[in-house]
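So the chains spell out like this:
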Amino acid sequence: MSLMVVSMACVGESWKGIEGGSGHDKPFLSAWSSAVVPRGGHVTLRCHYRGGFNNFMLYKEDRIHVPIGRIFQESFNMSPVTTAHAGNYTCRGSHPHSPTGWSAPSNPVVIMVTGNHRKPSLLAHPGPLVRSGETVILQCWSDVMFEHFFLHREGISQDPSRLVGQIHDGVSKANFSIGPMMLALAGTYRCYGSVTHTPYQLSAPSDPLDIMVTGLYEKPSLSAQPGPTVQAGENVTLSCSSRRSYDMYHLFREGEAHECRLRAVRKVNRTFQADFPLGPATHRGTYRCFGSFRHSPYEWSDPSDPLLVSVTGNPSSSWPSPTEPSSKSGILRHLHILIGTSVVIILFIIILFFLLHRWCSNKKSKCCCNGPRACGGQNSE
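Nothing here was measured: the structure is a model prediction, and the numbers come from that model.

Trainee: Which residues make up the overall build of the chain, and what are the values?
Mentor: When helices and strands are counted, the chain shows 4 helices and 28 strands. Taking all 381 residues of the chain together, the buried fraction comes to 36%. Taking contacts inside the chain between residues at least 6 apart in sequence as the whole, the part at least 24 apart equals 66%. Within the structure as shown, the chain displays about 23,300 Å² of accessible surface, and the carbon and sulfur contribution to it stands at 57%.

Right, dumping it as structure tokens:
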């Protein structure tokens, strides 16, 4: 009990020192590597100041500002993170020769702890490929009635964007408008949800969604070998190439979000090319490809001109599907059925003949046992 009284007394003295501080310039507080932290993870809070401060105190905003931990130097580590660590933090600094002369409070940093509810879903409208200068809508939704949704881009330390969830047809959702699209907005996004009364305790993250900015470099060319019109079952390869030294090519089929990607290879004609084998030509559709560089994976070129791949002929006649028998296998199957049925009929006739023969034999034996009269014979002498 005495230890608790002393501790609270020290807190009170520190609070008085803060309130009666000398009004030095405030420090800057940041969270590394991110203020969005999974439960069980770790986060480091750093208090920065360019001149004079060597001691800092960290505060968490609950009902009142309450110091946590001890006085630290520049950084404060929290691990493992629990839901109790979620909240709003500030720090203050002091001069070495004036330990009670605390600075003004730093900027606030909100620590959000994730993994407390089922993950929501994240979609891009009209799609994840966004031309430079255009706008994309990232929709976060869930059948959990989240009060707020948060959108966070990986690799940045600033607070995630927050919107109030709107309920429609039993689904809670929020639409985040991203744009006009520029290089700084491209990247990998995730979204989270929170329920009432625990705004800093977030759900598990949605699956990642990559947003690419396109139209930054010249378009590559797309061609088909042996040609854009092929017979069913014939192999076809799409080649994406350019004289620009792209490191990677990305191939899309219209109507699908899935991409195929291959590294570019330098050819003897000084072009950089990637060959996408599609296999037997059942992949009809319209294709486009993009180029990108290794150092900027979210920045893509203009799309190539569209290439329509057409397939002629009946695929089932020249390239039987593994799930559908060919005509030959169908004849063999019917032949096996016919043979099996014939064997069953023959066995049935044999068994029937045997039973009839046995029945007749039993009848004759019964007549002889009852005497000659029963059999229609004469009396014996």
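Next comes the rest of the description.
Trainee: I'd like a rundown of the sheet that holds strand S10 (residues 121–125), residues and numbers included.
Mentor: What links the strands of a sheet is backbone hydrogen bonding, and the strands pair in either a parallel or an antiparallel sense. In space, the 4 strands of this open sheet follow the order S10-S12-S16-S15, with antiparallel pairing throughout. On the outer flanks of this sheet lie S10 and strand S15 (166–168), each paired with one strand and no other. Each adjacent strand pair in this sheet contributes to an overall mean axis angle of 35°, direction not counted. Bridge count between S10 and strand S12 (residues 136–142): 5 bridges; the pairing is antiparallel. When the sheet's bridge partners are listed, Ser121 is paired in S12 with Trp141.

Trainee: Account for the nonpolar core, naming residues and giving values.
Mentor: Counting residues in hydrophobic clusters, the biggest one holds 20 residues, and the most contacted among them are Leu122, Leu138, Leu151 and Ile211. Secondary-structure elements contributing two or more residues to this core are S10, S12, strand S13 (148–153), strand S16 (171–178), strand S17 (187–194) and strand S18 (209–214). With sequence-adjacent residues up to four places away left out, Ile211 is seen in contact with Ala124, Pro128, Val130, Leu138, Met181, Ala186, Gly187, Tyr189 and Tyr298.

Trainee: Go over the sheet that holds strand S19 (residues 221–225) with me, naming the residues and quoting the values.
Mentor: Pairing within the open sheet is antiparallel, and its 4 strands lie in the order S19-S21-S25-S24. The outermost strands of the open sheet, each flanked by one partner alone, are S19 and strand S24 (265–266). Relative to strand S25 (residues 272–280), strand S21 (residues 235–242) is paired through 8 bridges, and the arrangement is antiparallel. Paired with Val236 across the two strands is Gly279, which belongs to S25.

Trainee: I'd love a proper account of the state of the cysteines, names of residues and values included.
Mentor: On inspection of all chains with the given rule, the structure shows 3 disulfides. Across a sulfur-sulfur distance of 2.0 Å, Cys140 and Cys191 are joined as a disulfide pair. Negative torsions about the S-S bond denote left-handed disulfides, and the value of about 75° found for Cys140 with Cys191 makes this one right-handed. Of this pair, Cys140 sits in strand S12 while Cys191 sits in strand S17, and the two are 51 residues apart along the sequence. Assigned by exposure class, Cys140 and Cys191 land together as buried. There is a disulfide in this structure between Cys240 and Cys289, and the S-S distance comes to 2.0 Å. Across the S-S bond of Cys240 and Cys289 the torsion is about 75°, and the bridge reads as right-handed. In this pair, Cys240 sits in strand S21 while Cys289 sits in strand S26 (residues 285–293), placing the two residues 49 residues apart along the sequence. Here the disulfide map of the chain reads 1-2, 3-4, 5-6, the bonded cysteines being numbered as they appear in the sequence.

Trainee: Kindly report on unusual backbone geometry, identifying the contributing residues and their values.
Mentor: That bond from Ser79 to Pro80 is cis: its omega, -10°, falls within 30 degrees of zero. Of note, Pro80 is situated in the loop between strand S6 (75–78) and strand S7 (87–95). Omega for the peptide link from His125 to Pro126 comes to 5°, which places this bond in the cis form. In this fold, Pro126 is placed in the loop between S10 and strand S11 (129–131). We note that Asp169 has phi near 55°; this positive angle belongs to a residue other than glycine. Within the element layout of this structure, Asp169 appears in the loop between S15 and S16. Classification of Asp169 by relative accessible area gives exposed; the value is 80%.

Definitions and cut-offs
Numbering of residues starts from 1 in each chain and follows the order in which that chain's sequence is written. Thresholds applied to this predicted model are a pLDDT of at least 70 for local features of residues and 80 or more for the giving and counting of side-chain atom pairs; totals over whole chains, interfaces and linings are not thresholded and use all residues. Hydrogens and waters are ignored; side-chain quantities use all the structure's heavy atoms. Helical segments are the DSSP runs of H or I of at least four residues, strand segments are the runs of E of at least two, and each set is numbered from the N terminus. Burial here depends on accessible area, computed with a 1.4 Å probe over protein chains only, as a share of the maximum for the residue type. Under 20% is buried, over 50% is exposed, and the range in between is partly exposed. In this analysis, two residues are considered to be in contact whenever any of their non-hydrogen atoms come within 4.5 Å of each other. Only the protein chains shown count as cover for residues, with accessible areas throughout obtained via the Shrake-Rupley method and a probe of 1.4 Å. DSSP-based pairing: two strands are paired if at least 2 bridges between them are found. Structural elements are reduced to axes, namely lines fitted to C-alpha atoms, with helices fitted over the stretch in contact, and the angle between N-to-C directions of any two is expressed from 0 to 180 degrees. By nonpolar core we mean a set of buried residues, namely Ala, Val, Leu, Ile, Met, Phe, Trp, Tyr and Cys, connected to one another through side-chain atoms within 4.5 Å. Two cysteine sulfur atoms form a disulfide, by the criterion used here, when they sit within 2.5 Å.

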